[in-house]
Each structure stands twice: as structure tokens, then as C-alpha cells.
Amino acid sequence: MAILVTGGAGYIGSHTVAELLNRGEEVVVIDNLVTGHREALLGGKLYEGDLRDKELLAKLFSENEIDAVIHFAASSLVGESMKDPVKYYDNNVYGTQCLLEAMQKAGVNKIVFSSTAATYGEPEKVPIEETDRTEPANVYGETKLTMERMMAWFDKVLDIKYVALRYFNAAGAHESGKIGEDHRPESHLIPLVLQTALKQRESIAVFGEDYPTEDGTCIRDYIHVSDLADAHVRAVTYLRSGSASSVFNLGNGLGFSVKQVIETAKKVTGLEIPVVIQERRAGDPAVLVASSAKARSILGWNPQHADLENIIQSAWNWHSANPEGYGN
């Protein structure tokens, strides 16, 4: 039996494919390669195409014995979602509807879903727990929450079991150095900082240094991409055991400020990283940190790469060896 990974050529998807292969699983991938990279796949059977292509999905399910699905395929840029909501509802929500419909027709009833901390919006408290209010502050977060709700109804009506994994700031790269983070355009802090170290950018922008934090900059929960991959595989095992649908936060439970990230990157690279202080961005909460107690207790998940220096070192290994990303 195989596991289908949608968006498996993307950043977190490719690391999850690598983890599945490492554990001896048969892997099938569907990816339209708009933001994913064929070179990021270390194995598995690739179908190049879109989830909204119902004929391709039917073909994929008929040609492979799929046991479970891990669903990454989605548009994920917050800023873009606020300019083009149609794209986000079409790709994220309708794409998921097409996938669930194909699963139902093929008799596949287990799906692990890549959700996001953006479903919470402005947090009520820190650390954030799964039972906290979900009130997204952007279209991207709203589409992910809509996908979660869709899955809950498919569970109630059609008995398709799901796990939604709400995670925080994915970072780092595979320990082999073979795969890493390559987004075009890049929007994540750690690769932007490392691109500045490589002189691909003149400086790194820090948006606000007057937040109510120790050094005045925003604090975020960074989680190593290989720890995320491990959690997705554990979630499949959880569903295979016949467990009920559930939602889990994934984070280190540790917060690091923007300035801490930059200073750690300077230490790791040994290079200067020029900083430009700019105005706060609208909608940036001061602190976002997850409680992962539920995932630790129920999934037996325990992050192995929680140290910020470890995370940035692995990212630097990838970026310094692949300064042009997969296009190198």
C-alpha cells in the first residue's frame, strides 16, 4: 500500500517524502511544480499535475493502491492571499474538495492535512492551544480553516478520518544537505537572512522594534522541517491505528525574536548581515508560540532539532551549497 503526498515536491512535502522513503513506505506524489521542484524528490512516483484535474486524480487512484493521503498542495503566501482571494479559494478549498471526492470514490479514508497557525489569527494567549479561538486575520488562514471544517464534515458524513497539523514557522534543511528551502519569491525570515549573508540581498528588513518583547522585535516559534516531516508520518500511523480525527499544534514551544535569529545567523555563518529597521507590518502579532503538549502526548512526537543554532546551521549548509536553490 502506498501513501499519496500532494504537493510532495514542495519544501515540507519533499522532506516528508524523504522521511517516508527512509521508513520503507511506498510513496506516490502529485505536484503541479508551480512552486515545487522535481529535483527535491529523493524518490517516489511523480504525477505532474493539479488536484483540480479530476481525471488525473481518478487515474492516480486507479493505478496505485493508496492507503492514506498527506495533503500539502496549497497556495501559502499571506500577502498574495489578501490581493487575490479567488486564487486561494480555488486552489486551496476547491482543490481539497476535488481530493476528498477522489478519495471517497477510491475508498481511501485517511488524510493528514498540512494546516497552519494562521487559523488562530491574533492569539488570545501564549502558548496557543488547539482549543483556542480560530479567527484568521488573512485569506490564507481562512482557506486553511475552511479546509479543516470541510474535512470535519467529510468525517461525520462519509467517515473519512483526518488529522490537521497546525504548525508554526518551518525552517532548516535535510541533514543530508540534498534538499532544502527554495521559494520564489522567498518570504521566510531565515532564508532571507541567509541570502543577505550570501550578499544576494543588500540587507534584511526588521519590521518594528517597539513590540512588548525583550528586544522589541516579534517572537516566533521555529520548527525544523525534519521534525515536521516526522510528525506527518506519526499522524499517518495514528490514523492507521483506527484513531479518531483530531487537530494538533506543531511547534517547539520556544520563541525566538527576529533579532535573535539574525544574531544566531551571524554566529553560524561568520558573516556580516546588514539590518534595516522599518515600520511595523499591519497584522503582525508580537508573540506566536505553540503548545505542542497534545502532539507530544498522543502522537509521541518529540522535536529533535529544537535548538535555533541547529536549525540555522542546517539551513546554511543547504543555502551556502545551493545559492541559486534547485536552479544551481
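Above: the structure in question.
Residues numbered from 1 in each chain as written. Predicted model: local features only at pLDDT ≥ 70, side-chain atom pairs only at ≥ 80, totals over all residues. Heavy atoms only, no water.

Asker: Just to check I follow, could you spell out the sheet that holds strand 14 (residues 287-288) for this structure?
Answerer: Pairing between sheet strands relies on hydrogen bonds along the backbone, with the strands arranged either parallel or antiparallel. Spatial strand order, 12-9-14: three strands in an open sheet with mixed pairing. In the strand order of this sheet, the two ends are held by strand 12 (256-257) and strand 14, each with one partner. Of the pairings in the sheet, the one linking strand 9 (residues 219-220) to strand 14 comprises two bridges and is parallel in character. Each bridged residue has a counterpart across the sheet, and for Ile219 the counterpart in strand 14 is Val287. (Pairing = 2+ DSSP bridges. Helix = DSSP H or I, 4+ residues; strand = E, 2+ residues; numbered from the N terminus.)

Asker: Looking at this structure, how should I read the pairing of strand 5 (residues 110-116)?
Answerer: Two faces, one strand: in a regular strand the side chains alternate between the faces of the sheet. Within strand 5, seven of the seven residues are buried, leaving the element largely enclosed by the surrounding structure. Side-chain alternation along strand 5 places Lys110, Val112, Ser114 and Thr116 on one buried face and Ile111, Phe113 and Ser115 on a second face that is also buried. Pairing of strand 4 (residues 66-71) with strand 5, which is carried by three bridges, proceeds in the parallel orientation. Bridging across to strand 5, Val69 finds its partner in Ile111. Read as a crossover between parallel neighbours, the route from strand 5 over helix 5 (residues 139-158) to strand 6 (residues 161-167) is right-handed. (Buried < 20%, exposed > 50% of the residue type's maximum accessible area, 1.4 Å probe, protein only. Right-handed = clockwise from strand over helix to strand, strands pointing away.)

Asker: Can you walk me through helix 4 (residues 85-106) in this structure?
Answerer: In an α-helix, one turn spans 3.6 residues, which is why side chains three or four residues apart end up on the same side. Over its 22 residues, helix 4 extends 31 Å from the first C-alpha to the last, a length consistent with the 32 Å expected when each residue adds 1.5 Å. All of the buried residues along helix 4 are Tyr88, Asn91, Asn92, Val93, Gly95, Thr96, Cys98, Leu99, Leu100, Ala102 and Met103. The positive-phi residue at the C-terminal boundary of helix 4 is Gly107, with phi of around 75°. (Expected span 1.5 Å × (residues − 1).)

Asker: What exactly am I supposed to notice about the nonpolar core here?
Answerer: In globular proteins that are soluble, nonpolar side chains generally tend to be buried together. Membership of the largest hydrophobic core comes to 33 residues, with the highest contact counts inside it found for Val5, Ile12, Ile70, Val112, Val163, Leu165 and Leu250. Among the secondary structure elements, those contributing two or more residues to this core are strand 1 (2-6), helix 1 (11-22), strand 2 (26-31), strand 4, strand 6, helix 7 (225-240), strand 11 (246-250) and helix 9 (293-299). The dominant element in this core, judged by the number of residues it contributes, is helix 7, at eight residues. Residue contacts for Leu250: discarding those within four places in its chain leaves Leu165, Arg166, Tyr167, Phe168, Leu228, Ala231, Ser292, Ala295 and Trp301. In terms of nonpolar packing, the next biggest core, distinct from the first, is built from 29 residues, Val69, Leu99, Phe113 and Phe154 among them. (Core = buried A, V, L, I, M, F, W, Y, C linked by side-chain atoms within 4.5 Å. Contact = heavy atoms within 4.5 Å.)

Asker: For this particular structure, what's the right way to read the pattern of salt bridges?
Answerer: Close approach of charged atoms allows side chains of opposite charge to pair. Under the definition given, this model contains 24 salt bridges. Note that Lys161 and Asp155 form a salt bridge whose closest N and O atoms lie 2.9 Å from each other. A relative accessible area of 24% means that Lys161 is categorised as partly exposed. Residue Asp155 is classed as buried on the basis of its relative accessible area, which comes to 15%. Within the structure, one salt-bridge network assembled from shared partners comprises Glu19, Arg23, Asp230 and Arg234. (Salt bridge = Lys/Arg side-chain N within 4 Å of Asp/Glu carboxyl O.)

Asker: Even after reading the chapter, I still don't get the environment of Asn92, so can you show me in this structure?
Answerer: Its place among the elements puts Asn92 in helix 4. When residues no more than four places from it in sequence are discounted, the contact partners of Asn92 are Ala74, Ser75, Lys87, Tyr140, Thr143 and Met147. There is a polar contact of 3.1 Å between the side chain of Asn92 and the side chain of Thr143. (Polar contact = N/O pair within 3.5 Å; in protein donor to acceptor, adjacent residues only side chain to side chain.)

Asker: Looking at this structure, I do not really get the packing of aromatic side chains. What am I missing?
Answerer: The way to describe two aromatic rings as a pair is by their centre distance and the angle between their planes. According to the stated counting rule, one finds two aromatic pairs in the structure shown. Ring centres 5.8 Å apart and planes at 90° place the aromatic pair Tyr238 and Phe248 in the edge-to-face group. Of this pair, Tyr238 sits in helix 7 while Phe248 sits in strand 11, and the two are 10 residues apart along the sequence. An identical accessibility class is assigned to Tyr238 and Phe248; each is buried. For the ring pair Trp318 and Tyr326, a centre distance of 4.9 Å and an interplane angle of 50° mean the geometry is tilted. (Phe/Tyr/Trp six-rings, centres within 6.5 Å; stacked < 30°, edge-to-face > 60°.)

Asker: Help me out: how do you make sense of the packing of helix 1 against helix 7 in this one?
Answerer: Interhelical geometry of helix 1 versus helix 7 gives an angle of 60° and a closest axis separation of 8 Å. In terms of axis orientation, helix 1 runs oblique to helix 7. By crossing handedness, the relation of helix 1 to helix 7 is classed as right-handed. Along its contact with helix 1, which presents Tyr11, Ile12, His15, Thr16, Glu19 and Leu20, the element helix 7 presents Val225, Ser226, Leu228, Ala229, Asp230, His232 and Val233. The class makeup of the residues in the contact of helix 1 with helix 7 is seven nonpolar, four polar and two charged. (Axes fitted to C-alpha atoms, helices over the stretch in contact; angles between N-to-C directions. Parallel < 35°, antiparallel > 145°, perpendicular 65-115°, else oblique. Left-handed = near helix turned anticlockwise from the far one by under 90°. Nonpolar A, V, L, I, M, F, W, Y, C, P; charged D, E, K, R; others polar.)

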